[in-house]
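Per-entry structural report
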Amino acid sequence: MSLNFTKINLAMNAAVECARQYVGATSPNPAVGAAALDHEGEIIAVAAHKHAGKLHAERELIELLTEMGRLSDCVTMVVTLEPCSHHGKTPPCADALEEQTQIKRVIYGQKDCNPLVGGKGHAKLVEAGKEVVCYEESPARDLEVLESVVRLNAPFFHWVRTGLPFVIVKVALNREGSMIPAAGQKTFTSNDSLVIAHILRRESGAIITGSGTVLADQPEFTVRHVPDHEDAPSRELVVLDRRGRVPDPKYRVGHDYLTELKRLGKQGVTQVLVEAGVSLTQAVFALGIWNESVIIRQAIINGEPDQIEIKTNVCFQESLNKQL
Ligand SMILES: NC(=O)c1ccc[n+]([C@@H]2O[C@H](COP(=O)([O-])OP(=O)(O)OC[C@H]3O[C@@H](n4cnc5c(N)ncnc54)[C@H](OP(=O)(O)O)[C@@H]3O)[C@@H](O)[C@H]2O)c1
C-alpha cells in the first residue's frame, strides 16, 4: 500500500472544499473536512464538521460510510486538521478511528495549534498501529493545496493563539476609487461580488460597522445572495458609535474596536467581518488589527467582472504588540 500523493492532494482538496461550506457554522470549533479513500486511493466519500456540538468531520465520515455500506472499503482517511484525542462536547476522533474502522492510514493537514492537544491525536493513532502523516510536514505535499488547508485553519489557529477573532475587512471601491455609492444607491458592485460579500458575512460570527454607515444606509447585513447556514449561531451586529447616534436596537453598540474584538473572542467568535465606511475602515487599517482584506474594485467597463484583491496582514502581531 504505497502513498499516491496525487490522489492524496485531490482528497485533501475535496476535504477543504467540503469544510468551507460550514465556515461560520462551527464556531468556536474549526471548520474541518475529511475524505475517505479506498485501496486504490479513490475518494469514496467526503464529510465535514457542521456545527459546534455535532459530530466532528471524522465521525461524520464514519457515519456516512456506514450508511453507504462502504466503511470496510476505507483504507485511508484524509482530514484537514489533526484528529482530536481529548474529550470535548464529543468523544475523541482518534478513538473512533481506532475502534470503529479498519483504516490503515490517516493523513491530516496541520497539527492542532493548541499546545495542550497538538501532536496527541497523531501519537494516539500511531500507538493504534496506523500510518500517520502530517500533510504540512510531508515533502510530497502540494503547496497550493497546503495553502488552502492553512487558510481554512487560519481563523481557528488565530483565535486560539491570540484570543481574538480573525478579522476580514471588506472594502468596495467604485470606478472613481470611492467607497461612497451614488445618491439613492446602497451598492455599485456586480452580482458576483455581492455573492462574495455575502459568503464573507455567512462565514462571520459578527459584523462590525461604523455609525456613519448605519446612519447613511440602515443596512440589514443579512445573508441574501447565498443560502445562510441553517443552524448557525446568531450573527452579532456591532456598531462603533462613541457619540451614541444610532438608536437601532438590532445593533450592539461598542466604543472601542479592540475592546469589541476581545469581547467577541471571549464569546467564542473566531471570525468577524468589518463592513464599514471610509472613517472606520481607515482607522482599522491604521491600527493594523486585521488579518485579511478583500478589496472589490468595480469594473471600469460595464459587464466586465469586478477585480477582487485579497491581502494578508503580515504585520498583525507587531500591530497588536503595540496596543498591548
Ligand atoms: N464601499 C464600501 O465598502 C462601504 C461599506 C460600508 C459603508 N460604505 C459607505 O460609507 C459611507 C459612510 O462612511 P462613514 O465614514 O461615515 O462611516 P463609518 O466609517 O461606517 O462610520 C464612521 C463613524 O464610526 C465611528 N467610529 C467609532 N470608532 C471609530 C474609530 N476608531 N475611527 C473612526 N470612526 C470611528 C465614528 O463615530 P463616533 O465618533 O460617534 O464614534 C465615525 O463617525 C456611507 O456612504 C456608506 O454607504 C461603503
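Calculation rules
Residues numbered from 1 in each chain as written. Predicted model: local features only at pLDDT ≥ 70, side-chain atom pairs only at ≥ 80, totals over all residues. Heavy atoms only, no water. Helix = DSSP H or I, 4+ residues; strand = E, 2+ residues; numbered from the N terminus. Buried < 20%, exposed > 50% of the residue type's maximum accessible area, 1.4 Å probe, protein only. Contact = heavy atoms within 4.5 Å. Lys, Arg positive; Asp, Glu negative; His and termini not counted. Charge placed at Lys NZ, Arg CZ, Asp CG, Glu CD. Domains from an automatic or database assignment. Buried area = accessible area lost by both parts, 1.4 Å probe. Salt bridge = Lys/Arg side-chain N within 4 Å of Asp/Glu carboxyl O. Polar contact = N/O pair within 3.5 Å; in protein donor to acceptor, adjacent residues only side chain to side chain. Phe/Tyr/Trp six-rings, centres within 6.5 Å; stacked < 30°, edge-to-face > 60°. 1 Å grid on protein atoms, 1.4 Å probe; cavity = no way out; pocket = protein on both sides within 12 Å on 5 of 7 lines; lining within 4 Å. Points joined across faces, edges and corners; volume = space filled by probe spheres on them. Nonpolar A, V, L, I, M, F, W, Y, C, P; charged D, E, K, R; others polar.

**Here's the deal with the overall build of the chain**
Across its full length, the chain carries 10 helices and 12 strands. Expressed as lengths along the three principal axes of its C-alpha atoms, the size of the chain is roughly 65 × 45 × 35 Å. For the chain, the residues scored as buried account for 53% of the 324 residues in total. Expressed as a percentage of contacts within the chain between residues at least 6 apart in sequence, the contacts between residues at least 24 apart total 71%. When the 34 positive and 40 negative side-chain charges of the chain are each reduced to one mean point, those points stand 6 Å apart.

**Overview of the domain arrangement of the chain**
Partitioning the chain into structural domains gives domain 1 (5-157) and domain 2 (163-323). The straight-line distance from the C-alpha centre of domain 1 to that of domain 2 is 31 Å. Facing 13 residues of domain 1, the contacting portion of domain 2 comprises 13 residues. Here domain 1 packs against domain 2, burying approximately 1100 Å² in sum over the two surfaces, 48% of which is carbon and sulfur. Area buried by domain 1 at its contact with domain 2 is led by Val23, Arg151 and Pro155, which between them contribute 39% of it. Residue Arg151 is joined to Glu292 by a salt bridge in which the shortest nitrogen-to-oxygen separation is 2.8 Å. One can count four residue pairs in polar contact (both at pLDDT 80 or more) joining domain 1 with domain 2. Of the residues forming the side of domain 1 that touches domain 2, the biggest block, three residues, is contributed by helix 5 (residues 143-162).

**As for the pattern of salt bridges**
Any two side chains of opposite charge can pair, given that their charged atoms come close. With the rule as written, the count across this model stands at 17 salt bridges. The salt bridge partner of Lys170 is Glu275, with a shortest N-O separation of 3.3 Å. Residue Lys170 is located in strand 6 (residues 166-173), and its partner Glu275 is located in the loop between strand 10 (271-274) and helix 9 (278-287); the two are separated by 105 residues in the primary sequence. Taken as a pair, Lys170 and Glu275 share a single burial class, namely buried. Residue Glu260 is joined to Arg252 by a salt bridge in which the shortest nitrogen-to-oxygen separation is 3.9 Å. A relative accessible area of 6% places Glu260 in the buried class. Through salt bridges with shared partners, a single network forms among Glu236, Arg252, Glu260 and Arg263.

**Concerning the packing of aromatic side chains**
A full pass over the atoms with the stated rule returns four aromatic pairs. Residues Phe5 and Tyr135 carry aromatic rings whose centres are separated by 6.0 Å and whose planes lie at 25° to one another, so their mutual orientation is stacked. With Phe5 in helix 1 (residues 5-20) and Tyr135 in the loop between strand 5 (131-134) and helix 5, this residue pair connects regions lying 130 residues apart in the sequence. By the burial criterion, Phe5 is buried, and Tyr135 matches it. Following the ring pairs from residue to residue traces out a cluster consisting of Phe156, Phe157 and Trp159.

**A short note on empty space enclosed by the protein**
Summed over the entire model, instances satisfying the criterion amount to two cavities of 30 Å³ or more. The space that makes up the largest cavity amounts to roughly 140 Å³. Val23, Gly24, Thr26, Thr270 and Gln271 are the residues nearest the centre of the largest cavity, which is lined by 17 residues in total. For the lining of the largest cavity, the element with the most residues is helix 5, which contributes three residues. When its residues are assigned to classes, the lining of the largest cavity shows eight nonpolar, eight polar and one charged.

**So, the layout of surface pockets**
Taken as a whole, the largest pocket spans an internal volume of roughly 1200 Å³. Lining the largest pocket are 44 residues, with Thr213, Asp217, Glu275, Ala276 and Gly277 sitting closest to its centre. Top contributing element to the lining of the largest pocket by residue count: helix 9, with six residues. The residue makeup of the lining of the largest pocket, split by class, is 20 nonpolar, 12 polar and 12 charged. Empty space within the second largest pocket amounts to approximately 980 Å³. What lines the second largest pocket is a set of 33 residues, among which Arg151, Leu152, Ala154, Phe166 and Glu292 lie closest to the centre. Elements with a minimum of two residues in the lining of the second largest pocket: helix 1, helix 5, strand 6, helix 6 (191-202), strand 11 (292-297) and strand 12 (307-312). The residues that make up the lining of the second largest pocket include at least three from each of domain 1 (5-157) and domain 2 (163-323).

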